[in-house]
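Below are the chains, spelled out letter by letter.
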Amino acid sequence: MSIAAGMPDWTSLLDSLFVNLVAKQLDTGIDARDEEVDDLVKRLRDIDDPSPLMTARYLRRGIVDSTVGDIEPFLDEVTKTLYRLYDKRGSKTSPLLAALAQMCIPRRSGPKVNTVVTYNFDDLFEIELKKYQVQHKSIYREVGRYSNDDLPVYHVHGFLPRNKNGYDNLGEATFVFSEEGYHEVFLDPYHWSNLVQLSQLRDQTCLMAGLSLTDPNLRRLLEISARKSGSSKHYALMKRMSYEEFAFEQKKKVVSSRKTVVQKFLDSHHAMKEELFSELGLNIIWYENYDELSELVNKVQNQDEL
């Protein structure tokens with residue numbers, strides 16, 4: 001959702017933080033050019049490419065320059081880099097963000113959405129909710145409170161708003177960006193963010209948008225919920241892989257099989273994914289390209305046939 005609005009993806013954010021860190025490390029009398037720093041970062045990723053969580057931990061260690069203590073400098077650097085890249089890409093909104101915010105507008109018959117759970121650090125969704133005058137409360141720590149008139153927006157992986165005014169105790173937020181933060185949440189079954197997610201998965205019907213659904217902790221929570229409910233009551237918007245995406249790379253064909261064979265394989269692959277996600281209590285709503293997402297959300301909102 002945020003990428004469509006101009007936010008960097010995970011890889012772009014890590015790369016930019018890496019470039020900043022390397023430039024800082026070389027600032028010892030060596031006048032390294034920008035292209036040299038980029039070249040060093042690219043080469044290190046080529047030959048020593050750990051998981052994104054391990055990379056983030058490496059970056060946190062380099063930026064904070066301490067094994068313990070205050071990580072505020074790291075959070076400030078991530079926030080600064082996040083919104084600098086956003087501005088550089090031409091900050092904007094996205095039809096999907098707008099459609100989801102409209103879904104949250106209260107109706108006379110009661111709200112169609114009573115809770116939002118987001119894994120994003122940014123505050124773009126809150127900005128969109130304000131456009132539609134949806135009263136809401138951002139919750140990013142265990143003692144977060146909201147009134148009956150507020151739509152709770154849970155930032156279960158941390159919250160880095162552009163403007164910190166109006167938000168209290170941001171330093172107490174659970175920040176799942178690097179490996180140690182992920183371990184904290186994964187290993188504590190009673191962590192507030194796990195309890196929030198389990199409560200929604202158990203008691204509500206959830207629509208999941210903008211998620212790859214590869215996160216092991218989320219899949220664990222889905223499986224727990226599915227075992228308890230025994231039915232597939234949640235929905236996930238997922239992109240169906242096309243023949244062109246599978247068979248070509250940079251306009252060069254990389255699969256020698258005939259198109260009919262490839263298409264039959266992809267049909268089987270998508271059917272298998274539907275079965276696998278059904279085990280986690282999820283029904284897949286397929287889309288072909290990202291432009292369809294806002295239309296699909298509107299259909300869900302209007303209870304149209306998908």
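Basis of the calculations
Residues numbered from 1 in each chain as written. Predicted model: local features only at pLDDT ≥ 70, side-chain atom pairs only at ≥ 80, totals over all residues. Heavy atoms only, no water. Phe/Tyr/Trp six-rings, centres within 6.5 Å; stacked < 30°, edge-to-face > 60°. Helix = DSSP H or I, 4+ residues; strand = E, 2+ residues; numbered from the N terminus. Buried < 20%, exposed > 50% of the residue type's maximum accessible area, 1.4 Å probe, protein only. Axes fitted to C-alpha atoms, helices over the stretch in contact; angles between N-to-C directions. Parallel < 35°, antiparallel > 145°, perpendicular 65-115°, else oblique. Left-handed = near helix turned anticlockwise from the far one by under 90°. Contact = heavy atoms within 4.5 Å. Nonpolar A, V, L, I, M, F, W, Y, C, P; charged D, E, K, R; others polar. Patch = residues over 30% accessible without salt bridge, like charges linked within 9 Å, V, L, I, M, F, W, Y side chains within 5 Å. Areas by Shrake-Rupley, 256 points an atom, 1.4 Å probe, with all protein chains shown as cover. Salt bridge = Lys/Arg side-chain N within 4 Å of Asp/Glu carboxyl O. Pairing = 2+ DSSP bridges. pLDDT = per-residue confidence, 0-100.

> Outline the packing of aromatic side chains, listing residues and values.
In this structure the tally under the stated criterion is 15 aromatic pairs. Where Trp10 meets Phe177, the ring centres are 5.0 Å apart and the plane angle is 45 degrees; that geometry is what we call tilted. Residue Trp10 is found in helix α1 (residues 10–25), and its partner Phe177 is found in the loop between β3 (151–155) and α7 (179–187); the two are separated by 167 residues along the sequence. Taking the relative accessible area as the measure of exposure, Trp10 reaches 32% and is therefore partly exposed. Of the residues examined, Phe177 reaches a relative accessible area of 0% and is grouped as buried. Look at Phe159 and Tyr167: their rings are 5.0 Å apart centre to centre, the planes differ by 90 degrees, and that puts the pair in the edge-to-face class. With respect to class, Phe159 is no different from Tyr167; both count as buried.

> Please give an account of the packing of helix α5 (residues 95–103) against helix α6 (residues 124–131) that cites residues and values.
Two numbers describe how α5 lies on α6: the axes approach to 9 Å, and their chain directions differ by 60 degrees. With respect to their mutual orientation, α5 and α6 come out oblique. The interaxial crossing formed by α5 with α6 has right-handed handedness. Across the interface between the two elements, Leu97, Ala98, Leu100 and Ala101 of α5 pack against Leu124, Phe125, Glu128 and Leu129 of α6. Residue classes in the contact of α5 with α6 are distributed as 7 nonpolar, no polar and 1 charged.

> Describe the environment of Ser51, and please don't skip the residues or the numbers.
Topologically, Ser51 is positioned in the loop between α2 (34–47) and α3 (52–64). Here Ser51 falls in the partly exposed class, since its relative accessible area comes to 31%. Considering only alpha carbons, one finds Ser51 and Glu179, 128 residues apart in sequence, at a separation of 9.2 Å.

> Help me get a handle on a nonpolar patch on the surface, residues and values and all.
On the surface, Leu44, Ile47 and Tyr58 cluster together into a nonpolar patch covering about 280 Å² of accessible area. Counting through the fold element by element, Tyr58 comes out in helix α3. Looking at Tyr58, the relative accessible area reads 42%, which means it is partly exposed.

> Just give me the short version of the sheet that holds strand β5 (residues 234–239), but keep the residues and values in it.
The sheet built from 3 strands is open, its strands ordered β4-β5-β8 with parallel pairing. Among the strands making up the open sheet, the edge pair consists of β4 (207–208) and β8 (282–287). Direction of pairing for β5 relative to β8: parallel, over a ladder of 6 bridges. Looking at β8, one finds that Ala236 is bridged to Ile284.

> For the confidence of the model for the protein, give the residues involved together with the corresponding values.
Atom-level detail of predicted coordinates should not be read off regions where pLDDT is low. Looking at the protein as a whole, the pLDDT averages 86, with 92% of positions reaching at least 70. α2 is the least confidently modelled element of the protein, averaging 73 in pLDDT, while strand β1 (residues 116–118) averages 97, the highest of any element.

> So what's going on with the sheet that holds strand β2 (residues 136–139)? Residues and values would help.
Taken in spatial order, the 3 strands line up as β1-β3-β2 in an open sheet, and their pairing is parallel. At either margin of the open sheet sits one strand with a lone partner, and together these are β1 and β2. Going across the sheet, the axis of each strand differs from the next one's by a mean of 20 degrees, ignoring polarity. For β1 and β3, the ladder comprises 3 bridges, and the chain directions are parallel. Across the sheet, the residue bridging to Val116 is Val153, located in β3.

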